[in-house]
Amino acid sequence: MGVATGGRAIIGLELVTTGKPIEFSDADRQAIADMRARYPDGRSAVMPALWLAQKRFGFLSKEAVAAVARALDEPEPEVAAVATFYSMYNLAPVGRHLLQVCMTLSCSLLGADALVAHLEKKLGISAGQTTSDGRFTLRKVECLASCGTGPCWQVNENLFDETLDAAAVDRLLDSLK
Amino acid sequence: MSHPLGCYGPVVTPKGRKEPILFGDFAIASAETLEGFRAGGGYATAIDAIKNRKPEEITEVVKASGLRGRGGAGFPTGMKWGFVPKDSPKPKYLVVNADESEPGTFKDRELLSRSPHRLIEGMLLAAYAIGSHHAFIYARGEFLFLASLLDRALADARAAGLVGKNVGGTGFDLEITLHWGAGAYICGEETALLDSLEGKRGQPRTKPPFPAVEGLYRCPTVVNNVETLQTVPFIVKNGAAWFKGWGTEKSPGTKIFSVSGLVNRPGNYEIEMGLPLRALLDDYAGGMRPGTKLKAVIPGGSSVPWLTPDQLDTKLDFESVAAAGSLLGSGGAIFLDEGVCVVDALLNLTHFYRHESCGKCTPCREGTHWLETVLAKIEHGQGVPEDVRTLKTVSEQILGRSLCALGDAAAMPILSVLEKFPQEFEHHLTAKRCLVNRRRASVERVRAGEPATV
């Protein structure tokens, strides 16, 4: 019997390894040094540096986390503990367009399940998966703070706060290459 | 699009109701830009106050105004500022909690989108009052689409000499750093937010010491909500007595309610404290959608006990909502209609809390897991009478036994629904299905090729 547990209790969750060491460019190392300078304690730059790593390397692999730890001169397990806590840090590769549908109550009442079902059918994948061409990843997420305009969803960082019918959703997907 | 993302149209005040305070900014042309905001009189209050008044005077006027925190807990803002030790040799910090994540609440985002400089003005006043020279804005990662707008607001304010050294020629210095979260509801809890800002997993701390004494980097820190800080310039400008002219004696002022669910006009509404819940629903939100009937109201964000239609006369101020058995919270009002299965809705919310529990305290970590497991069993027609008792006892065991209120937030709605809608649980146990469930019905409609909404 597995251990019954909720929440984000697991520390040291296995990070995916690519087997290839990676390093930030000099410009990125400078950007990280600038981040450190914005805080009284450089440790505070862990989150912005992880955001930068995710942007550069696509997701936070063991190697990407190690690169952040080196750039900040912080212990690697500490950086890994942060990377594995927050849901927006991707611990596995994602498609070029990350579709995130809010599933929490208000959006759920306004048809979030239906929106996910439609996206799954259209993309031929289940929530949590990526299309084989690497174009889309579909993810169910918790409250995005747009409860009045549900069901709301985000494509990468862009919020869609207007209710779209199935045809409009299809047109939008077709426009994302 | 004619309005910013996630925002609503022009503010329309129902007949006989006072014009809003904070939303007054929305009527200023281009209030989101520095030029627009200044043309509307913005920053004048902060500069004047920092030049001509002592920090203690600012704290005093906020104290006297009775302003209470708008993030959910409702703690008196001036009192919070007053807890910062004046003689501490350590630096003092101001932190803005812009990690708005409480399901049902979406007001801070609209405030940030439409009036970011009002926040900076409020920060100047708060920082001056507590003697802070470095402030932080902690924004939830899901708001990254606002990054360019917020970066620009800060850069413009800095270029105009309103942030940085010698703010507005007053001799007061304030540095502001914008910090992005990365997806964690718990970081809305102020001590978890501080850990996150320090570059750690966002987990609540043991209190005391409270942040005012030992907060960010173990230095005296004040954490205030966006709406709270945006209210401060109006209080400093117009005085405590003016502010107390709004609302009730113990809950003065206005409060923004985010209205969602099956209403005709969902959106953010700034109401005078003490407005009856019924007026929020009917006068502001346009009532329930045609063909739907109200079943329950979650008045203050998903963490609070539910109210029923016979409680619509409840006044929306901290004391009256508490007297009705719920909490005003963050003002996220979700209106549920008769088509909603309450067990299904609770399962949805409990899944949220289980997912968002940070894992630090056992009652919350294990309790939310068990609540979700048992609710799923009941919802899916596999429940036995004992399960309802388990729900109740697990909820009661969670209450008050963790460092923060996340576990309580999962338990309180369940206890209230068990009490108010026992027949729906009974029906699941005997008929092995929901008494009502429009959510599933809407899925069926979409499979038939109809729009993805009800």
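Each chain carries its own residue numbering, running from 1 in the written order of its sequence. Key to labels: chains lettered from A, ligands numbered from 1, both in the order written. Note on the predicted model: pLDDT of at least 70 is required for a residue's local features to be given, and 80 or more for side-chain atom pairs to be given and counted; whole-chain, interface and lining totals, by contrast, use all residues.

**Describing the overall build of chain B**
Moving on, step 1. Scanning chain B for helices and strands turns up 18 helices and ten strands.
Moving on, step 2. Only C-alpha atoms enter the radius of gyration, while the globule expectation follows 2.2 Å times N to the 0.38, with N the number of residues. By the compact-globule yardstick of 22 Å for 454 residues, chain B fits well, its C-alpha radius of gyration being 22 Å.
Moving on, step 3. Expressed as a percentage of the 454 residues in chain B, the buried residues total 58%.
Moving on, step 4. Whether two residues are in contact is decided by their C-beta atoms, placed from the backbone, lying within 7 Å. Within chain B, contacts between residues at least 6 apart in sequence are counted, and of these 70% link residues at least 24 apart. Strands are runs of DSSP state E lasting at least 2 residues, helices are runs of H or I lasting at least 4, and numbering of each runs from the N terminus. Labels follow a simple rule on C-beta atoms placed from the backbone: if 20 or more others lie within 10 Å of a residue's own, it is buried; if 12 or fewer, it is exposed; otherwise it is partly exposed.

**Describing the packing of helix H13 (residues 342–356) of chain B against helix H16 (residues 406–420) of chain B**
All names here are of chain B.
Moving on, step 1. Closest axis-to-axis distance for the H13/H16 pair is 9 Å, and the angle between their directions is 170 degrees. Judged by the angle between their axes, H13 and H16 are roughly antiparallel. The residues of H16 that touch H13, namely those facing Val-342, Leu-346, Leu-349, Thr-350, Tyr-353 and Glu-356, are Leu-406, Ala-409, Ala-410, Pro-413, Ile-414 and Val-417.
Moving on, step 2. Each residue is assigned to one of three groups, with Ala, Val, Leu, Ile, Met, Phe, Trp, Tyr, Cys and Pro labelled nonpolar, Asp, Glu, Lys and Arg labelled charged, and all others, Gly among them, labelled polar. When its residues are assigned to classes, the contact of H13 with H16 shows ten nonpolar, one polar and one charged. Think of each axis as a best-fit line through the C-alpha atoms, taken over the contacting stretch in the case of a helix, with angles from 0 to 180 degrees between the N-to-C directions. Roughly parallel here means an angle under 35 degrees, roughly antiparallel means over 145, roughly perpendicular means 65 to 115, and every remaining angle is called oblique.

**Quick look at the interface of chain B and chain A**
Moving on, step 1. Facing 63 residues of chain B, the contacting portion of chain A comprises 54 residues.
Moving on, step 2. For the side of chain B that touches chain A, the elements supplying multiple residues, two or more each, are strand S3 (175–180), strand S5 (254–261), strand S10 (332–337), H13, helix H14 (362–379) and helix H18 (438–447) of chain B.
Moving on, step 3. In terms of residues, the side of chain B that touches chain A owes the most to one element, H13(B), which gives seven residues.
Moving on, step 4. Of the residues belonging to the side of chain B that touches chain A, the class tally is 26 nonpolar, 25 polar and twelve charged.

**Some remarks on the domain arrangement of chain B**
All names here are of chain B.
Moving on, step 1. By convention here, the domain bounds are inherited from an automatic or database domain assignment. Under the domain assignment used here, chain B contains domain 1 (22–244), domain 2 (254–337) and domain 3 (342–443).
Moving on, step 2. For domain 2 versus domain 3, the distance between C-alpha centres works out to 22 Å.
Moving on, step 3. Listed as interface residues are eight residues of domain 2 and, on the opposing side, ten residues of domain 3.
Moving on, step 4. Class assignment of the residues belonging to the side of domain 2 that touches domain 3 gives a composition of five nonpolar, three polar and no charged.

**Structural notes on the confidence of the model for chain B**
Detailed conclusions should not be drawn from predicted coordinates in areas where pLDDT is low.
All names here are of chain B.
Moving on, step 1. Residue-level pLDDT values for chain B average 93, and 95% of them are 70 or greater.
Moving on, step 2. Scored below 50 in pLDDT, residues 441–454 makes 30 contacts in the model with residues more than four places away or belonging to other chains.
Moving on, step 3. Across the predicted assembly, pTM comes out at 0.95 and ipTM at 0.94. Each residue carries a pLDDT score, the predictor's confidence in it, ranging from 0 to 100.

**Some thoughts on unusual backbone geometry**
Moving on, step 1. Omega for the peptide link from Gly150(A) to Pro151(A) comes to -5 degrees, which places this bond in the cis form.
Moving on, step 2. Positive phi is not limited to glycine here, since Tyr43(B) has a value of about 75 degrees.
Moving on, step 3. Relative to the helices and strands, Tyr43(B) is located in the loop between helix H1 (34–39) and helix H2 (44–52).

**Considering the nonpolar core**
Moving on, step 1. Among buried residues, those of type Ala, Val, Leu, Ile, Met, Phe, Trp, Tyr and Cys that are joined through C-beta atoms within 7 Å form a set called a nonpolar core. Counting residues in hydrophobic clusters, the biggest one holds 187 residues, and the most contacted among them are Leu50(A), Val95(B), Met123(B), Ala126(B) and Leu280(B).
Moving on, step 2. A per-element tally of this core places helix H6 (residues 116–130) of chain B first, with ten residues.
Moving on, step 3. Apart from the residues lying within four places of it in its own chain, the contact partners of Leu280(B) are Phe257(B), Val259(B), Tyr269(B), Ile271(B), Leu275(B), Ala285(B), Leu316(B) and Ala333(B).

**Notes on H13(B)**
Moving on, step 1. Here the expected span of a helix is defined as 1.5 Å times the quantity of residues minus one. End to end, H13(B) covers 21 Å across 15 residues, agreeing with the expected 21 Å (1.5 Å per residue, within 8%).
Moving on, step 2. Most of H13(B) sits inside the fold, with 14 of its 15 residues counted as buried.

**Some details on the domain arrangement of chain A**
Moving on, step 1. When its domains are assigned, chain A resolves into domain 1 (6–93) and domain 2 (97–175).
Moving on, step 2. Centre-to-centre separation of domain 1 of chain A and domain 2 of chain A, based on C-alpha positions: 27 Å.

**With respect to the sheet that holds strand S6 (residues 267–272) of chain B**
All names here are of chain B.
Moving on, step 1. Taken together, four strands build an open sheet; the order of strands is S6-S5-S10-S8 and the sheet is mixed. Only two strands of the sheet have a single partner each, and these edge strands are S6 and strand S8 (294–298). With direction set aside, neighbouring strand axes in the sheet form an average angle of 30 degrees.
Moving on, step 2. By this definition, two strands are paired if DSSP reports at least two bridges between them. Bridge count between S5 and S10: four bridges; the pairing is parallel. When the bridges of S10 are listed, Ser-260 appears paired with Ile-334.

**Topic: the packing of H2(B) against helix H9 (residues 226–238) of chain B**
Residue and element names in this part refer to chain B.
Moving on, step 1. Orientation of H2 relative to H9, taken along the N-to-C sense of each, is 60 degrees, at an axis distance of 9 Å. The pairing of H2 with H9 is recorded here as oblique in orientation. The handedness of the crossing between H2 and H9 comes out as left-handed. Of the residues in H9, those in contact with Thr-45, Ala-46 and Ala-49 of H2 are Pro-233, Val-236 and Lys-237.
Moving on, step 2. When grouped by side-chain class, the residues that make up the contact of H2 with H9 number four nonpolar, one polar and one charged. Handedness of each helix crossing follows the sense of rotation of the near helix against the far helix: counterclockwise by less than a right angle gives left-handed, clockwise gives right-handed.

**Examining the sheet that holds strand S1 (residues 97–102) of chain A**
Residues and elements named next belong to chain A.
Moving on, step 1. Reading across from one edge, S2-S1-S3-S4 is the order of the four strands in this open sheet, with mixed pairing throughout. Of all the strands in the sheet, just strand S2 (136–141) and strand S4 (158–160) have a single pairing partner and so form its edges. This sheet shows a mean twist of 20 degrees between the axes of neighbouring strands, independent of strand direction.
Moving on, step 2. Here S1 runs beside strand S3 (residues 153–155); their pairing, made up of three bridges, is antiparallel. Across the sheet, the residue bridging to Gln-100 is Gln-154, located in S3.

**A look at the pairing of S5(B)**
All names here are of chain B.
Moving on, step 1. Burial of S5 is extensive: eight of the eight residues sit out of reach of the surface.
Moving on, step 2. The alternating pattern of S5 places Thr-254, Ile-256, Ser-258 and Ser-260 and Lys-255, Phe-257, Val-259 and Gly-261 on opposite faces, both of which are buried.
Moving on, step 3. Where S5 and S6 come together, six bridges link them in antiparallel fashion. By the bridge assignment for S6, Ser-258 is matched with Asn-268.
Moving on, step 4. Linking S5 back to S6 in an antiparallel pair, the connection comprises five residues.

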